[in-house]
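# Overview (structure and organization)
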Amino acid sequence: MIKRFVRHNVEDAGSSGSLNDLSFLLIIFFIVIAGFNVNKGFLLNLPSKEKPLIVHNEDILKCSLSRAGEIIMEGNHIEPDELSELIQKKLKSWPNMTFLLTINPETPYQRVVDVISTIRQLKVENFSFRMEDSTGGQ
């Protein structure tokens, strides 16, 4: 009896499914470890737990943004360009001032960004903001 060795044709090694899996995993690995440096929003410093800041009510300058984007400070409607001047005057005479911004949920986003940007440019150290209650009260 004669035994014949049957040769099987070997498929191309480049078409192997395992290499595709390996390349996919490497791509995912590098995407995950890549550092994306994308700034979203404003970088605000949060108060530290070790040194809590005590703010007195008389040191708070209250400002609010209405639904239409109007700036209301101390009960008066003011223009955006007046805001900068008023805050500069207050900072000179009132260095411990804390700026409290109350924002209506319906306020246009760009108006909020403009006010916060103005406050940051004036280097107001103590700044806080909050959203109005859904009932419309503060």
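We now turn to the structure provided with this report. Treat the numbers as computed from the prediction; the structure is a model and nothing was measured.

An ideal rise of 1.5 Å per residue puts 18 Å on 13 residues; helix 3 (residues 109–121) measures up with 18 Å between its terminal C-alpha atoms. Restricting attention to buried positions, one finds in helix 3 the residues Val112, Val113, Val115, Ile116, Thr118 and Ile119. Those residues of helix 3 hidden inside the fold are in contact with strand 1 (60–65), strand 2 (71–73), helix 2 (80–93), strand 4 (98–103) and strand 5 (126–131). Looking at the residues trailing helix 3, positive phi occurs at Lys123, about 60°.

Another aspect to go through is the packing of helix 2 against helix 3. Each packed pair of helices is defined by two parameters, the angle between the axes and the distance between the axes. Following both chains from N to C, one finds helix 2 and helix 3 inclined at 25°, their axes separated by 10 Å at the closest point. The pairing of helix 2 with helix 3 is recorded here as roughly parallel in orientation. The handedness of the crossing between helix 2 and helix 3 comes out as right-handed. Within the contact between the two elements, helix 2 uses Pro80, Leu83, Ser84 and Ile87 and helix 3 uses Arg111, Val115, Thr118 and Ile119. Of the residues that constitute the contact of helix 2 with helix 3, the class distribution is 5 nonpolar, 2 polar and 1 charged.

Let us now look at the pairing of strand 4. Along any regular strand, the residues point their side chains to alternate faces of the sheet. Of all the 6 residues making up strand 4, 6 are buried; the element is thus mostly covered by neighbouring parts of the structure. Across the two faces of strand 4 the burial is the same, with Thr98, Leu100 and Thr102 and Phe99, Leu101 and Ile103 all buried. Here 6 bridges tie strand 1 to strand 4, and the two strands are oriented parallel to one another. The residue bridging Ser64 from the neighbouring strand is Thr102, located in strand 4. Relative to strand 5, strand 4 runs parallel, the two sharing 6 bridges.

This part takes up the sheet that holds strand 3 (residues 76–78). Taken together, 5 strands build an open sheet; the order of strands is 3-2-1-4-5 and the sheet is mixed. Both edges of this open sheet fall to strand 3 and strand 5, since each of them pairs with a single strand only. Between one strand axis and the next, the sheet turns through 30° on average, direction left out of account. Looking at chain direction, strand 2 and strand 3 are connected through 3 bridges and run antiparallel.

Reading the values: the criteria
Residues numbered from 1 in each chain as written. Predicted model: local features only at pLDDT ≥ 70, side-chain atom pairs only at ≥ 80, totals over all residues. Heavy atoms only, no water. Helix = DSSP H or I, 4+ residues; strand = E, 2+ residues; numbered from the N terminus. Expected span 1.5 Å × (residues − 1). Buried < 20%, exposed > 50% of the residue type's maximum accessible area, 1.4 Å probe, protein only. Contact = heavy atoms within 4.5 Å. Axes fitted to C-alpha atoms, helices over the stretch in contact; angles between N-to-C directions. Parallel < 35°, antiparallel > 145°, perpendicular 65-115°, else oblique. Left-handed = near helix turned anticlockwise from the far one by under 90°. Nonpolar A, V, L, I, M, F, W, Y, C, P; charged D, E, K, R; others polar. Pairing = 2+ DSSP bridges.

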